[in-house]
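Per-entry structural report
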Amino acid sequence: MTTSDNAPSTRARSVANARPVPVISFVSAFFSNFIVQRFLLFLLTVWVAATVIFVLPRLTGQDPVKEKLLLEAQRGGSVQAGMNEMAKEYSSRLGLDLPIYEQYVNYMTDLAQLDFGYSIAYFPRTVNEIIADSIIWSIGLMTVTLTLGFVLGTGAGALLGWSRSPGWLSYAFMPLLTLSAIPQYMLGLVLMFIFAIMLNLLPFFGAYSPGNLPEWSLGFILDVLKHSILPALSILFSAVGFWAIGMRGMMINTQGEDFMVQADAKGLNGARIFVRYAIRNALLPQVTGLAISFGTLLTGAVLVEVLFQFPGLGNTLFYAIRVSDFFQITGIVMTIIISLALATMVIDLVYPLIDPRVKYTQN
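Below is a summary of the structure that appears in this document. (Residues numbered from 1 in each chain as written. Predicted model: local features only at pLDDT ≥ 70, side-chain atom pairs only at ≥ 80, totals over all residues. Heavy atoms only, no water.)

1. Here's the deal with the overall build of the protein
- Scanning the protein for helices and strands turns up 15 helices and 0 strands.
- In the protein, 71% of the contacts between residues at least 6 apart in sequence involve partners at least 24 apart.
- Just so you have it, the protein exposes about 21,300 Å², and 66% of that area is on carbon and sulfur atoms. (Helix = DSSP H or I, 4+ residues; strand = E, 2+ residues; numbered from the N terminus. Contact = heavy atoms within 4.5 Å. Areas by Shrake-Rupley, 256 points an atom, 1.4 Å probe, with all protein chains shown as cover.)

Here you go:
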């Protein structure tokens with residue numbers, strides 16, 4: 001009798017143990033997925049960065065609206081009456097008179113929609129409009145210089161690190177390695193002095209000649225290319241040295257690997273070993289670095305853009321900091337952070353396609 005009474009409860013417990021709760025099972029499988037984990041990390045990174053960027057400018061205690069009005073009044077030669085009333089009115093329009101927690105909620109809500117609000121310094125223009133005007137210049141400049149720097153630097157580094165390369169290449173390419181230690185703005189100053197001041201061959205400020213209007217014409221394009229030479233060379237020379245050093249070190253390490261010794265023992269052609277075995281494996285860390293570098297291309301080279309007065313995103317950020325434009329600073333910095341976090345997430349997801357030895361699945 002006792003056995004029969006306990007049998008149903010025993011069976012019920014075994015059935016309950018054999019059938020996990022569907023919701024818990026789904027949630028566990030969902031969060032164990034690497035893509036989901038990486039996306040959640042991306043969101044967390046953006047949220048933490050956005051919070052820090054929101055808090056830091058407000059710790060300075062500055063009133064950006066009043067400073068902007070005072071600056072405009074000084075340019076006009078006199079301080080206008082009713083400055084405080086005007087500052088309060090503009091602060092009300094921009095939402096800066098709200099309690100800090102309400103500002104934060106509005107800020108995060110707008111950020112989720114990629115709406116960075118109005119610029120304080122250039123009101124009533126929006127930050128999105130200013131970013132759109134500047135970002136194309138940074139993308140054009142940095143995409144060309146990063147691509148050329150990666151190709152030239154990686155090729156030079158591979159030849160420098162290859163033990164069978166001719167000896168004269170070391171003397172020809174070795175000066176490239178020193179360029180990575182020179183700041184880009186220092187290279188820019190040297191190039192400006194030589195080609196713009198001494199030789200008077202190239203312009204040394206702006207993206208196009210004063211008086212020209214942006215248009216899709218051959219003359220304007222050639223004018224832009226002429227103005228871009230000096231800032232592009234400043235970034236390119238430094239990038240070539242950086243990529244050359246990294247590739248040279250990887251090539252030296254790769255030549256001691258077992259697969260290289262085996263390929264040499266098989267009697268394979270030296271050129272085939274160099275391209276198919278050495279470069280192919282040494283290139284993997286370089287590709288990772290290239291992806292991260294493309295994530296930062298929106299920043300441009302801030303000091304180079306400021307030096308040459310190039311109207312990219314870096315130069316725009318510099319002037320936004322000078323005039324304490326909270327909204328513009330937030331919009332530009334968040335655009336940079338999102339692009340960098342997105343590039344890092346993408347390279348994490350596609351890296352198994354580049355290197356089959358990398359697996360994200362659990363055994």
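Next comes the rest of the write-up.
2. Considerations on the packing of helix H3 (residues 34–59) against helix H6 (residues 100–112)
- The N-to-C vectors of H3 and H6 enclose an angle of 135°; their axes lie 11 Å apart at closest approach. Relative to H6, the element H3 is oriented oblique. The chirality of how H3 crosses H6 is right-handed. Contact residues: Trp47, Ala50, Thr51, Ile53, Phe54 and Arg58 in H3; Ile100, Gln103, Tyr104, Tyr107, Met108 and Leu111 in H6.
- Among the residues forming the contact of H3 with H6, the class breakdown is 9 nonpolar, 2 polar and 1 charged. (Axes fitted to C-alpha atoms, helices over the stretch in contact; angles between N-to-C directions. Parallel < 35°, antiparallel > 145°, perpendicular 65-115°, else oblique. Left-handed = near helix turned anticlockwise from the far one by under 90°. Nonpolar A, V, L, I, M, F, W, Y, C, P; charged D, E, K, R; others polar.)

3. What about the pattern of salt bridges?
- Counted by the stated rule, this structure contains 2 salt bridges.
- Across the salt bridge formed by Glu129 and Arg125, the nearest N and O atoms sit 3.9 Å from each other.
- Given the relative accessible area of 40%, Glu129 is considered partly exposed.
- Of the charged contacts in the structure, one is a salt bridge between Arg125 and Asp133, with a shortest N-O distance of 2.4 Å.
- For Arg125, a relative accessible area of 34% gives the class partly exposed.
- What makes Asp133 partly exposed here is its relative accessible area of 43%.
- Shared partners join several salt bridges into a network, and the residues in it are Arg125, Glu129 and Asp133. (Salt bridge = Lys/Arg side-chain N within 4 Å of Asp/Glu carboxyl O. Buried < 20%, exposed > 50% of the residue type's maximum accessible area, 1.4 Å probe, protein only.)

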